[in-house]
Amino acid sequence: MNTDDDVRVEGPGIRQSMSSLHTWAGLLLGWVLYAMFLTGTVSYFKDELSQWMRPELARLSQVPDRAVVAQRIADELGNIAPGTSQWSIRLPDERNNSANVFWRTAPRNPGQRGFGEASFDPVTGQRVTSRGTLGGEFFYRFHFQFHYMPVVWGRWLAGIAAMFMLVAIVSGVITHKKIFVDFFTFRSGKGQRSWLDAHNALSVFGLPFHFMITYTGLVTLMAMYMPWGEMAAFKSPAERQQLNAELTAFIQPGKPTGQKAPLASVEDMVRQAQERWGRDNVGRITAVHPGDAAARVSVARAESGRVSMSPQYMEFEGATGKLLTVREAVGAAAETRGVLYALHLGRFSDTETRWLYFLVSFMGTAMVGTGLVMWTVKRRQKLPDPDRPYFGFRLVERLNIASIAGLSIAMTSFLWANRLLPHPMEGRADWEINAFFIVWGLALLHALMRPVKAAWVEQLWTASALLLLLPILNALTTQRPLWRSLAEGDWVFAGMDIMCWALALLHAVLAMRTARQAANAPSRRRANRPTPMTVASSEGAR
Amino acid sequence: MTHLAAFVLCLAGFAALAFATRRQQRDILGGSLRSAATYGLRVAGVCALLSALGILVAKYGWSLGLVMLSGHTSLAAGFVYCVLIGLVRTHGPPAAHAN
């Protein structure tokens, strides 16, 4: 909400100071924030994206009874991972067509922990193989820990960027003195003012969301950013274990007795949980020391329908199936954290609310994007020679192109790589990600080498073309083209194809408007008339 | 259905609030409304938004209802904003463009 132009005070008043703070807090990590916002936005559909990226896995027209599925997979795990010290099953649901299973294995090297992970068909209970891909999980992880760097560094960078965002939001609100009077204001065809109005609208309409998502983003990693309170309060292992119990449904594994005892009916355990929370409201089952007399099983409640990530679970004695404890509440502090965490992830959402999350988050992405472009729009007018701007200006201009239009190309290329890379292929999942970064790097190179306006137009057209052709590529490389998805009511695949075309249209409109702006620029200069808003409006018709 | 009703109410609420502002009255209607009409639009707008909150909370409870209302209001405000831009361009007086 940069309103430098609105602020006309003598001397550096509070609004002027906040305006400068807003400008620089928004710019310095703006490109990182834009990438975090956009990849975070698509992560609201990460499960659907993962389904699309594993087309070999059949669609679940109806989710089978989770109690039966749990028993099937537990039986199969007895065959493929006998003697494991722990396994955990994330049961299928309306958004996940397979069960995701994790189990511990004997470590390959001393001091390391070994584990196995696989998808299981809920209908047959058998392990299924699909192409190597991280699916939507890549965008989700990228938005808070990036890639090609240690996870801790990435999370610190994300935290610093989020803090800058929070500063930008608060300073923007203080700067925007006519927040209610100008609520619906859009001054069309006025260059910088139009950009300012669009930026203000995108900021103010989604303000509660933007503030919430930034603040709760910091809360999700608060224990890493500010560990000192926790370190001072919880010193002994028992205290730390108690803290963990407030935050996760993880059962502390005791020592195995060495006495063999088969697991009691997992189906019955899940049935008890279903009676308590509802038939479709069981999320994960974890067993420690299955097959041992000391085995314990936890059945955790799903996340849908409750605005809290605080763990709720039932714990059973593995050998007998006897219910030991039911945990449905945590302390006030843990619950506060659980609610804020849930607000960020939005996993409680029904389909409509998930779309609301997606669309308002998309507005947030556009808010960051318009802010970045506006920095150059505003300064270009003050350049002594607009044809020869100073280095910092050129840098911002080029980074804007690569981080906004270039990111669209890179993200779509990631999906293209998913369809084009051969499978099986060694390190396939990694190569999908490499493709994303190679293309993004090429976009930056292109932005550095081409004239600004041409770079914007070309990259926007490229993104549009890639998005437009993706459903066709999908039809050619899988058995699930749009017409079949529509006929079968497969809304994950159909929705993905339609969404690609909607986004292709958006990029095409932006490209056309930007190109038109470039064509009109010389006559506009002569006539000194106001201009329509485009993505690169006033960024120089060079 | 609840979502649709809430969204329509939010749309109506923001439309009323938009027409309660002098700038929109001038740009789209070509002049200011009487104070009583403006006041009435404000009250109607707020009532529509509160009604949307009411039906969401009645159906989903306070926690989910408030989250949903936040999403509906953001989206509805954006929708009304886009419609107003279109109205100004198609029906607004020429002066609106040079404002």
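Position numbers for residues start from 1 in each chain and track the written sequence from start to end. Think of it this way: whatever chain is written first is A, whatever ligand is written first is 1, and the rest follow in order. A pLDDT threshold of at least 70 governs which residues receive local features in this predicted model, and a stricter bar of 80 or more applies before side-chain atom pairs are shown or counted, although totals over entire chains, interfaces and linings include all residues.

**Student:** Hey, could you run me through the environment of His210(A) in this one?
**Tutor:** Residues and elements named next belong to chain A. Take His-210: it is sitting in helix 8 (residues 207-220). C-alpha separation for the pair His-210 and Met-363, spaced 153 residues apart in sequence, amounts to 9.1 Å. Those residues in contact with His-210 that lie beyond four places of it in its chain are Ile-169, Ser-203, Gly-364 and Met-367. Every helix listed is a DSSP run of H or I at least four residues long, and every strand listed is a run of E at least two residues long, numbered separately from the N terminus. Whether two residues are in contact depends on their C-beta atoms, placed from the backbone: they are in contact if these lie within 7 Å.

**Student:** Explanation requested: the pairing of strand 6 (residues 296-301) of chain A in the structure shown.
**Tutor:** Residue and element names in this part refer to chain A. Counting other C-beta atoms within 10 Å of a residue's own tells you its class, since 20 or more makes it buried, 12 or fewer makes it exposed, and anything in between is partly exposed; those C-beta atoms are placed from the backbone. Within strand 6, 6 of the 6 residues are buried, which leaves the element mostly enclosed by the surrounding structure. In strand 6, alternate side chains face the same way, and those of Arg-296, Ser-298 and Ala-300 on one face and Val-297, Val-299 and Arg-301 on the other are all buried. The rule for pairing is simple: two strands pair if DSSP sees at least two bridges between them. As judged from the 6 bridges shared by strand 5 (residues 282-288) and strand 6, these two strands associate in the antiparallel manner. Across the sheet, Val-282 pairs through a bridge with Arg-301, a residue of strand 6.

**Student:** Would you mind going over the nonpolar core with me for this structure?
**Tutor:** Side chains of nonpolar character tend, in soluble globular proteins, to be buried together. Think of a nonpolar core as buried Ala, Val, Leu, Ile, Met, Phe, Trp, Tyr and Cys residues, each tied to the set through C-beta atoms within 7 Å. Counting 122 residues, the largest nonpolar core has Ala410(A), Cys10(B), Phe14(B), Ala52(B) and Val80(B) as its most contacted members. In terms of residues, this core owes the most to one element, helix 3 (residues 35-91) of chain B, which gives 16 residues. In contact with Cys10(B), other than residues within four places in its own chain, are Leu49(B), Ala52(B), His72(B), Thr73(B) and Ala76(B). Counting 33 residues, the second largest nonpolar core, distinct from the first, contains Ala67(A), Leu77(A), Ala273(A) and Ala302(A).

**Student:** When you look at the sheet that holds strand 8 (residues 323-327) of chain A in this model, what are you seeing that I'm missing?
**Tutor:** Within a sheet, each strand pairs with its neighbour through backbone hydrogen bonds, oriented either parallel or antiparallel. Residue and element names in this part refer to chain A. Strand order in the open sheet made by the 8 strands is 4-3-2-1-5-6-7-8, with antiparallel pairing throughout. If you trace the sheet from one side to the other, it starts and ends with strand 4 (127-128) and strand 8, each paired once. Simply put, an axis is a line fit to the C-alpha atoms, just over the touching stretch for a helix, and the angle between two N-to-C directions goes from 0 to 180 degrees. The strands touched by helix 4 (residues 66-80) within the sheet are strand 1 (86-90), strand 2 (99-105), strand 3 (114-120), strand 4 and strand 5, with strand 2 carrying the most contacts at an inclination of about 30°.

**Student:** Looking at this model, I keep getting lost on the interface of chain A and chain B. Mind explaining?
**Tutor:** You'll often see interface size given as the accessible area lost when the parts meet. Contacts between the two partners involve 21 residues from chain A and, on the opposite side, 23 residues from chain B. Of all the secondary structure elements, the ones that give two or more residues to the side of chain A that touches chain B are helix 7 (192-205), helix 8 and helix 14 (351-380) of chain A. Top element by residues in the side of chain A that touches chain B is helix 14 of chain A. It accounts for 7 residues. In this count, Pro and Cys sit with the nonpolar residues alongside Ala, Val, Leu, Ile, Met, Phe, Trp and Tyr, while Asp, Glu, Lys and Arg are called charged and the others, Gly among them, polar. Each residue belonging to the side of chain A that touches chain B can be placed in one class, and the counts come to 14 nonpolar, 5 polar and 2 charged.

**Student:** When you look at the environment of Gly258(A) in this model, what are you seeing that I'm missing?
**Tutor:** All names here are of chain A. Inspection of the secondary structure assignment puts Gly-258 in the loop between helix 11 (237-247) and helix 12 (266-277). Given 9 C-beta atoms within 10 Å, Gly-258 falls into the exposed group. For the pair formed by Gly-258 and Pro-290, sequence separation is 32 residues and the distance between their alpha carbons is 11 Å.

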